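Understanding the architecture of this molecule
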Amino acid sequence: AAKSQGSQLWERYQPEMGKISQERADMERELRQTLADGGLQLHYQPQVLSTAEHTLYGVEALARWQHPEWGWVAPPRFIAAAEDAGLIHALTSWLIDAACTQLATWRAQGISVPHIAVNLSTNNFHDPEFAQRVYNSLQEHGLACNDLMLEITESVMLDSSPATLNNLKNLHAMGMRLSMDDFGTGYSSLSYLHRLPISELKLDKSFVHDVTTSSAASALTRSVLNIATSLGMTVVAEGVETPEQAAWLTEQGCPVLQGYLFAKPMPAQDLPPWLRKVTNHQLA
Ligand code: C2E
Ligand code: MG
Ligand code: MG
Ligand code: MG
């Protein structure tokens, strides 16, 4: 009886699963095509110092894909598809090259952007040549290692494969800086932070969202700030949307803020006018 029930369930779900795998196959095909055609774009979101002048600390590059029929595809969806299809290496190569090109262009125009942060996937670290590839891209554009900030997630820290450990070691030896993204959502183990060369910690937006309304979120944020500061790491609060959140984080000594309160991710050409506005102290 259990078996026939099982097969009934299977028949009921099969069309649904077929639909999902068809969607995935479509997405992979289109993504492969768009990578070949140069159809992806980068938007940039400013990160500002929490001081009154809100000086620019850096910008985060965020991938954007506008499909001719589907419209804008959410990054977590196409990033996951790229990972599944083995396209993440090509996507990250494009991303790093595009970010380096943009930074070199801004600098040539006299626009001072301290660094660009790029998001990496755990799979990137499985490529034994990854660290060297990043280094080569920087060299090609005449940039230095601290011109990029490499955002990783906790899963990289939990991956003890030889390729991952080697890449981390090599990136550190080259002087590349690593940032721990989405801190507070995963295992949030503080134990690896002193073992591995992390120079920045990004407090996840789900914490930031609640700092002014939840005593648990504010207590956790305070202790993360304490630990990070004593380990010599910079903390970036992501998803700062209200003046109250910004004021609370500033008061607690959080050095860098990022979020819609200051600016949404924007096309590269919108950054210089935004910067002029900030310099004139017309911000929040
Ligand atoms: P993330 O790296 O944590 O990026 C922050 C996300 O929060 C971005 O979403 C950003 O647009 C959004 N955000 C920024 N400020 C605010 C705010 O004040 N409020 C709210 N509610 N959201 C805010 P986005 O661009 O949709 O990207 C989502 C995720 O997709 C990223 O999370 C990152 O993990 C991944 N991603 C994006 N671009 C790339 C990429 O080029 N490569 C890789 N591997 N992953 C990427
Ligand atoms: Mg990020
Ligand atoms: Mg991320
Ligand atoms: Mg994040």
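Residues numbered from 1 in each chain as written. Chains lettered and ligands numbered in written order. Predicted model: local features only at pLDDT ≥ 70, side-chain atom pairs only at ≥ 80, totals over all residues. Heavy atoms only, no water.

- Under an unreviewed UniProt entry, the name given to the protein is EAL domain-containing protein, and the organism recorded is Comamonas avium.

**Comments concerning the overall build of the protein**
- Within the protein, the regular secondary structure consists of 10 helices and nine strands.
- Here the C-alpha radius of gyration of the protein, 21 Å, is about what a compact globule of 284 residues would show, namely 19 Å.
- Across its three principal directions, the C-alpha atoms of the protein cover 70 × 45 × 40 Å.
- Taking all 284 residues of the protein together, the buried fraction comes to 45%.
- In the protein, the proportion of contacts linking residues at least 24 apart, taken out of those at least 6 apart, comes to 66%.
- If you sum the accessible surface of the protein, you get close to 14200 Å²; carbon and sulfur atoms cover 52% of it.
- Considering the protein, the positive charge centre built from 19 side chains and the negative charge centre built from 30 side chains are found 2 Å apart. (Helix = DSSP H or I, 4+ residues; strand = E, 2+ residues; numbered from the N terminus. Rg over C-alpha atoms; globule rule 2.2 N^0.38 Å. Buried < 20%, exposed > 50% of the residue type's maximum accessible area, 1.4 Å probe, protein only. Contact = heavy atoms within 4.5 Å. Areas by Shrake-Rupley, 256 points an atom, 1.4 Å probe, with all protein chains shown as cover. Lys, Arg positive; Asp, Glu negative; His and termini not counted. Charge placed at Lys NZ, Arg CZ, Asp CG, Glu CD.)

**Digging into the state of the cysteines**
- Considering all chains together, one arrives at zero disulfides under this definition.
- Distance from the sulfur of Cys100, which forms no disulfide, to the nearest cysteine sulfur (Cys145) is 10 Å. (Disulfide = S-S within 2.5 Å.)

**Let's talk about the packing of aromatic side chains**
- Under the counting rule described, the total for this entry stands at four aromatic pairs.
- Measuring from ring centre to ring centre gives 5.8 Å for Trp65 and Phe78, while their planes differ by 90 degrees; the resulting arrangement is edge-to-face. Remark: Phe78 occurs in helix 2 (residues 75-84) and Trp65 occurs in strand 2 (residues 56-67); sequence separation between them is 13 residues.
- According to the relative accessible area criterion, Phe78 is buried, its value standing at 0%.
- In this structure an aromatic cluster arises from ring pairing among Trp65, Trp70 and Phe78.
- The ring of Tyr260 has Lys264 sitting right over it, with the charged end atom 4.7 Å from the ring centre. (Phe/Tyr/Trp six-rings, centres within 6.5 Å; stacked < 30°, edge-to-face > 60°. Lys NZ or Arg CZ within 6 Å of the ring centre and 35° of its normal.)

**Digging into the coordination of the magnesium ion (ligand 4)**
- Looking at the magnesium ion (ligand 4), the protein donor atoms are Asp181 (OD), Asp182 (OD), Glu238 (OE) and Glu238 (OE), and they sit 2.0 to 2.5 Å from it.
- Read in sequence order, the donor residues coordinating the magnesium ion (ligand 4) give the pattern D-D-x55-E.
- Separating the magnesium ion (ligand 4) from the magnesium ion (ligand 2) is a distance of 4.3 Å, and Asp181 supplies a donor atom to each of them. Here the residue Asp181 occupies a position in strand 6 (residues 177-183), and Glu238 occupies one in the loop between strand 8 (234-237) and helix 9 (243-251), the gap between them amounting to 57 residues. For the pair shown, Asp181 and Glu238 are each scored as buried. (Donors = N, O, S within 2.8 Å, 3.2 Å for Na, K, Ca; no water.)

**Structural notes on helix 3 (residues 88-108)**
- Over its 21 residues, helix 3 runs 30 Å from end to end, which matches the ideal 30 Å to within 8%, given 1.5 Å per residue.
- Within helix 3, the full set of buried residues consists of Ile88, Leu91, Thr92, Leu95, Ile96, Ala98, Ala99, Cys100, Gln102, Leu103 and Trp106.
- In the stretch just after helix 3, Gly110 is the one whose phi turns positive, near 80 degrees. (Expected span 1.5 Å × (residues − 1).)

**Let's talk about the environment of Val236**
- Mapped onto the elements of the fold, Val236 is located in strand 8.
- Residue classification places Val236 among the buried positions, given a relative accessible area of 0%.
- The spacing of Val236 and Leu91 is 145 residues in sequence and 25 Å in space, taken between C-alpha atoms.
- Residues in contact with Val236, not counting those within four places in the same chain, are Gln47, Tyr57, Glu200, Leu201, Lys202, Leu203, Val256 and Gln258.

**Describing the site of ligand 1**
- Around ligand 1 lies a shell of 23 residues, among which Arg64, Asn119, Asp181, Glu241 and Tyr260 are the nearest.
- Gln45 is positioned with one of its side-chain polar atoms (N or O) 3.0 Å from a nitrogen atom of ligand 1.
- For ligand 1, a nitrogen atom lies 2.6 Å from a polar atom in the side chain of Glu241.
- Taking 800 Å² as the accessible area of ligand 1 by itself, protein coverage stands at 83%.
- With respect to the detected pockets, ligand 1 is housed in the largest pocket. (Near = heavy atom within 4 Å. Polar contact = N/O pair within 3.5 Å; in protein donor to acceptor, adjacent residues only side chain to side chain. 1 Å grid on protein atoms, 1.4 Å probe; cavity = no way out; pocket = protein on both sides within 12 Å on 5 of 7 lines; lining within 4 Å. Sits in = over half its atoms within 2 Å of the grid points.)

**Overview of the side chain of Glu200**
- Inspection of the secondary structure assignment puts Glu200 in strand 7 (residues 200-203).
- Here Glu200 occupies a buried position and makes no salt bridge, while the nearest side chain of opposite charge, Lys202, is found at 5.4 Å.
- Among the polar contacts listed, one links the side chain of Glu200 to the side chain of Tyr57, at a separation of 2.4 Å.
- Beyond its immediate chain neighbours, meaning those up to four positions away, Glu200 contacts Tyr57, Met149, Leu178, Ser179, Met180, Thr234 and Val236. (Salt bridge = Lys/Arg side-chain N within 4 Å of Asp/Glu carboxyl O.)

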